[in-house]
Every structure is written in C-alpha cells, then in structure tokens.
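What follows is the residue order along each chain.
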Amino acid sequence: MTAVLGLCSYTHDSAAALIIDGRLVGFVEEERLSQVKHTKAYPERAVAWLLKESGLRPKDIDVVAYNFSAGRYLRAVPCASALLLSAETRGRALPRALGFTTVALRTMARERTLAGKFPRARVRALLHHRAHQTYAFAASGFEEAAVLVVDSLGETQTTTIAYGRQPVRGRPALRTLHAIDDPASLGYVYGAVTMHLGWRRGDEEGTVMALAALGDPTRFRPLFTQAVRTTASSFVVDPELFPPRTLRRGAARVTPRFVAATCPPRAPDEPVEQVHRDLAAALQERTETVLLHLARVARQRTGSNRLCVGGGVAANCVGIGRIVEEGLFEEVFVPPSPGDSGTAIGAAAAVHVATAPQRLTDIEGACYLGPSWPSPAVDWARWPGLRAERLTTDRAEFLADQLAQGQIVGLFQGRVEAGPRALGNRSILASPLSEGVVERLNATVKFRELFRPFAPVVPEQRLGEYFTLGQAAPFMSMASRVTTKAREQIPAIVHANSTARVQTVRPDDNPLLHAVLDAFARRTGVPVLINTSLNVKGKPICGTPEMALDCLAGSGLDALLLEDWWVTK
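Thresholds, definitions, all that
- Residues numbered from 1 in each chain as written.
- Predicted model: local features only at pLDDT ≥ 70, side-chain atom pairs only at ≥ 80, totals over all residues.
- Heavy atoms only, no water.
- Helix = DSSP H or I, 4+ residues; strand = E, 2+ residues; numbered from the N terminus.
- Buried < 20%, exposed > 50% of the residue type's maximum accessible area, 1.4 Å probe, protein only.
- Contact = heavy atoms within 4.5 Å.
- Polar contact = N/O pair within 3.5 Å; in protein donor to acceptor, adjacent residues only side chain to side chain.
- Lys, Arg positive; Asp, Glu negative; His and termini not counted.
- Salt bridge = Lys/Arg side-chain N within 4 Å of Asp/Glu carboxyl O.
- 1 Å grid on protein atoms, 1.4 Å probe; cavity = no way out; pocket = protein on both sides within 12 Å on 5 of 7 lines; lining within 4 Å.
- Points joined across faces, edges and corners; volume = space filled by probe spheres on them.
- Nonpolar A, V, L, I, M, F, W, Y, C, P; charged D, E, K, R; others polar.

Caption draft 1: Region of the structure containing the environment of Tyr-10. Relative to the elements of secondary structure, Tyr-10 occurs in the loop between β1 (3–8) and β2 (15–20). The class for Tyr-10 is buried, based on a relative accessible area of 16%. A sequence separation of 30 residues divides Tyr-10 from Lys-40, and the C-alpha atoms of the two residues are 4.5 Å apart. When sequence neighbours within four positions are dropped, the list of residues in contact with Tyr-10 reads Lys-40, Tyr-42, Tyr-66, Arg-110, Thr-113, Leu-114 and Lys-117.

Caption draft 2: Representation of unusual backbone geometry in the model. Following Asp-182, the chain continues to Pro-183 via a peptide bond in cis, the omega torsion being 15°. Position of Pro-183 relative to the elements: it lies in the loop between β8 (173–181) and α7 (186–196). Positive phi, close to 55°, is recorded for Met-476, a residue that is not glycine. Note on Met-476: relative accessible area 2%, which makes it buried.

Caption draft 3: Local environment of the side chain of Thr-532. The residue Thr-532 is located in strand β20 (residues 529–533) in this model. For Thr-532, a relative accessible area of 8% translates into the label buried. A distance of 3.5 Å separates the side chain of Thr-532 from the side chain of Lys-446, its partner in a polar contact. Excluding residues that lie within four positions of it along the chain, Thr-532 makes contacts with Ala-422, Arg-426, Ser-427, Ile-428, Lys-446, Arg-448 and Phe-454.

Caption draft 4: Layout of the side chain of Asp-13. Assignment of secondary structure puts Asp-13 in the loop between β1 and β2. The side chain of Asp-13 is buried and forms no salt bridge, while Arg-32, the nearest opposite charge, is found at 7.4 Å. Among the polar contacts listed, one links the side chain of Asp-13 to the side chain of His-38, at a separation of 2.6 Å. Setting aside its immediate chain neighbours within four residues, Asp-13 contacts Cys-8, His-38, Thr-39 and Ser-341.

Caption draft 5: Summary view of empty space enclosed by the protein. Applying the stated criterion to the full structure yields one cavity of 30 Å³ or more. Taken together, Ala-314, Ala-315, Val-334, Pro-335, Pro-336, Pro-338, Pro-420, Arg-421, Phe-475, Met-476 and Ser-477 form the lining of the largest cavity. Each residue belonging to the lining of the largest cavity can be placed in one class, and the counts come to nine nonpolar, one polar and one charged.

Below, the structure written as structure tokens:
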C-alpha cells in the first residue's frame, strides 16, 4: 500500500487530500470544519478526518505532497536584483527581491515542519501550476486535452498552457508548452481592482464580477486595453498602472496613475456608484478578452478540441462561459475546486502519477469528497429556538412541497462538496417562481449585496429548454445565456447581463437533488430551482451539522433538511 497525502496550507484555502494506491479517498477544505473562511492554517481537522476515514496513522503516510516549491521563488530574486543597476527603479526592485526571498525561506521552513508530522514520509514539493494542471486534467476524465491554468501567482508562474494525454503505454503525459511569469498576472490585476473597489481580494472577486453586469465598460476600456496588453501568444501588465508585486503585506497593488485615471479607493461601507460599476465592467470585459486569447493559444499549441481550465481565475464563470460560447473546443471542463484548495488533490495525484503504475481512480468528475454525518448526533438544547422532527415520508416529495409553497430551505446531506460552489449537499434551495425571492435571499438569508444574482440548478436532460450553454455544467463553473422560456418563466435567475451560472444534475450524481427537481417540476411545471451555498456572507459553507444549525438559527432561512431531520424555527 502507498499512501500519498496532498496538502494546501500556510497560504490560503487550506485543504488536504489522500490518495491510496491510486484511489482518491477524500478531500476537504479546512474551513468547512474549522469555520474560518479561507484559513491558511495547517489543515489539522482535514488531515485527522482523512486518517480516520482510511484507518491510517501518521506513520502510515508514505509521501506528503506539498503544493509549492520553495526554490522556484528564488528564481524571481535575480531578475529583481538586476534592476538595482538602475537607480530609478531601486525603490521598486529591492522590496520585490526581499519579498520573494522571504517567502522562499518561509516555505522551506514549512516543508521541514510537514516532515516532522509524518515520521516515515518523504515531503515532495510540487510546482504549484503542475498541481493545478494535474488536478484539472485528471478530474476531467478526458483521454487528451489542452490544460490552461490562470491564477494570481504560483511560484513565479501566473499562466501555463499544457497538453495532457492518458497513457497508451506507460504513465500519463502532462507537458507544459507555454508559461507566463509574474508580473504578467491576470489574477493579480483582478484582485487589485477588487481591493480598489472596496471588496476583499481572494474572496470577493465574484462580487465584482456580478457588479460588472451593471456597468458600462466603454468608459475605462482604453485604460484596461493598455493595462493588460495581449501579444502573439501571451500578455503583459503595465507596471505604470499595476506595480510588480513584492509579496509583502500592505504593499500597494495599484499606482497613483491608476487612481487618477479611475476613482479614489472605495471603502467597504461606502455607496456603490456608477464609476465603480463601470470600472468593474471594464475589468471583467478585459479579463474575458484575455481568457479568450489564451484559450485560442491553447487550441493552437496543443491541437486538442477539449480544454481543462484551472487556477483561481477559472472561478470567473462569465469568462469560462465566453470560452464555451466561442466554440473553440468541443468541451470545456473546470474541476469543482479550481482554486488553490484543489491543488491538494493535484499535488497528491502528481506524485502518484510520477511514481506508481496504477491509474488514478475515483477522481474523474468527483465533487462529493468530504465528511458526512448520516446519523448526526445533535444536542438540540444548544438551539432552543429550533424544532426538529424525523421525516417518515419521501424526502424529495416533502422538500418539493415546501419549496413550491415558497419556503427557503437549507439542505444538508451526504459528503461535503469540494470547491466554492454548493452542489446540492450543502445548499440553500428556493423556488425561482416566488415573488421577491432574490431580494429576500440577499437581504435576510445571505446578508450580501442586493445586486448579486443566484444560480439555477436544472436536470441535465432539460438544460436546453432554459439555457443555451450546449454542454453539461455539473460544478456550476460557467455562465450561460438563457432562452426566451427562461426569461418568461423564471426571470429571477437571469442576471443583468442576460446570463445565469447554471448547474446541471444527473440522477447518478445527486439522486436526492435530481428527485427534488423532478418533484418540483410536477407541482409547478418548472424543473429549475435556485441553488446557493449553505452559509451567510463572510462564513464558509457549512461542513458540519452544528454549522448548518447555526446558519438556520442566525439567518432568514425558513427550515433545514438535515439528512432526514426537518428542522424549523
């Protein structure tokens, strides 16, 4: 037996995954258990669950696969140091050199810490983009594909194009064909503007993406065309607008020239004005343009008609939807956890592929990978305002009844989903036919900005009735344009840009959710529900029964289906 533990920790979105003899045993983000959103702490709870689930002890782990390679950070230092020859750029280059050196030394120290936790294990430091690439390709199940990874920063890489191929003889091949290094970073630019607009970088880029639909991109289009300029096979970022990063906390991410050309930084509690909407619109438009450019380069470089996309920028569902719409590829795939947490799976998978003969299993299309509580042992006294009863009727029929009557219901069932989207196991469901449902969800349940849309979920076989996407979207990864039928029947799920971030469901993927959709359709004639994550703004998706009950008690949810317990206020 060979056990490979994959880790993402010490940066953000801490997570752990375990592969035993090529089989993905499980994966979970630490925040789902610790209740600290985007935690960068060592994933102690996640690792403990994986060991318990597999019946292993720390000494049984053979390899710890870590999702960063410290030595690669040092590659950035000579480049920055060379700039010291010019006195004009000394003030910019020295902090950059010091920042990358500090991160490299800190990462090396963390690798030594990991070795101390697992007495027999070898620690393998994986190139960050290789972890992203491996996960995106392995989870797709494609025999061959182009693999595009776009994020803020690996070690020095920000964008890579690779070609993946399953083995004919020997091991799978995954070869990087093109790489773009920092400071040319699409993720960095999006995060910088997110901060400038008053939202949290690394957390609320989706809010800016939603805001973009309400703005006019023409006002700042020339600025962003200059800021992120495409070349024949790459792109560059203008340092006069976005200064090269230093990896030091508190460093400025936009220049005074950018501020002068746009608007002063917005404080989080200040009103959102038209200038903010227009800035978000121009940012989103340029992001989509550059993503399409990179997708074309990937198609040209690999010759493949399938594309896998990973990295934090892959969470930009509108951009991914544009790639699908463009028709460059027969199929586009984004794994359920495209951001850094998913590199825990990718790191473990990369080590296995490189060292073991068995083919990876239980990874293709897998999203329900975390802990479950089939018979939750709940101390109901902790929530005196709640009332719980055990359901003896069919859960799908009962839940469809409640939703058809206008109830907003939390759904907690089975194993925790991987990634940032609720996919029916830790979800809040609502009828898109209920009057004012979007406003009620934003104002009293999720406590978030009123302009933010909600995603629809639909049986895969009925996708074409309401959405023009043309392919399955099981992980809610891509925005789709809507049909006339959707506009007429369910306008609540249509955003201002005439799109919806759709999730498709097959009976085998999530039997209960699919059955609820069927039952709801029999009652209303519409096989579509609103599906949003079981949490409130600023909190992680509820990974445990206790977190779910806290969410019910502290929000405007009407009820919670906790496995077979119906819990109301």
